[in-house]
Amino acid sequence: MTVQTSAVLQTSAAAPEAAVAHFAGRLSFEADVSDVAADIGAGVTGWVLVDSRSQESWDQGHVPGAIHLPTREIAARAASAVPAGVTVVTYCWGPGCNGATKAALEFARLGYPVKEMIGGFEYWAREGLPVETADGIDRRLPDPLTAPRGVACAC
């Protein structure tokens, strides 16, 4: 008889106390598109959303209300574009891009509290959230693999 070994349990799970520290830490650095959309929809203030992509990318579509501040311009323009002390949430294209991470690092170096919007603009658009272009605001159909139609994730 062959004994099965677990790929999942090959490395033991962390102790609960370590898991609490790890996952709480991650949440202090990240927000997802659903939480960002919920705050925007509810008119919550106290933070700003920064799109760190190029002008061409911004023109293709962006989150309504976001500030456009490409990463390479943050050091020079942050003080005039973002009030001191306000929490900044950065985004770039998506999970395959570390542009939001680079932008968050730049804001942190300038002393801003900062989070990264995981999923980026890709998941914002894929979840059917509003996208703004020069032609106005549009909503695309949600991708059923990222946002179930007619129901909220409720996570």
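First things first, this report covers the structure right here in the doc. All values reported here derive from a predicted model rather than from experimental measurement.

Cut-offs and rules
- Residues numbered from 1 in each chain as written.
- Predicted model: local features only at pLDDT ≥ 70, side-chain atom pairs only at ≥ 80, totals over all residues.
- Heavy atoms only, no water.
- Phe/Tyr/Trp six-rings, centres within 6.5 Å; stacked < 30°, edge-to-face > 60°.
- Helix = DSSP H or I, 4+ residues; strand = E, 2+ residues; numbered from the N terminus.
- Buried < 20%, exposed > 50% of the residue type's maximum accessible area, 1.4 Å probe, protein only.
- Salt bridge = Lys/Arg side-chain N within 4 Å of Asp/Glu carboxyl O.

1. So, the packing of aromatic side chains
Applying the stated criterion across every chain yields a total of 3 aromatic pairs. Seen in terms of ring centroids, Tyr91 and Phe121 are 6.4 Å apart; in terms of plane orientation they differ by 20°. Their pairing is stacked. Of this pair, Tyr91 sits in strand S4 (residues 87-91) while Phe121 sits in helix H6 (residues 120-126), and the two are 30 residues apart along the sequence. When its relative accessible area of 0% is taken as the criterion, Tyr91 is described as buried. Note on Phe121: relative accessible area 5%, which makes it buried. With a centroid separation of 5.3 Å and an interplanar angle of 85°, the aromatic rings of Phe107 and Tyr112 are classed as edge-to-face. We classify Phe107 as buried; its relative accessible area is 0%.

2. Observations concerning the pattern of salt bridges
Tallied over the full model, the rule gives 6 salt bridges. Asp51 serves as the salt-bridge partner of Arg53, at 2.7 Å between the closest nitrogen and oxygen. The pair Arg53 / Asp51 is uniform in exposure class, with both members buried. Between Arg77 and Glu73 there is a salt bridge, with the nearest N and O atoms lying 2.5 Å from each other. Salt bridges sharing common partners tie together Glu122, Arg126 and Asp143.

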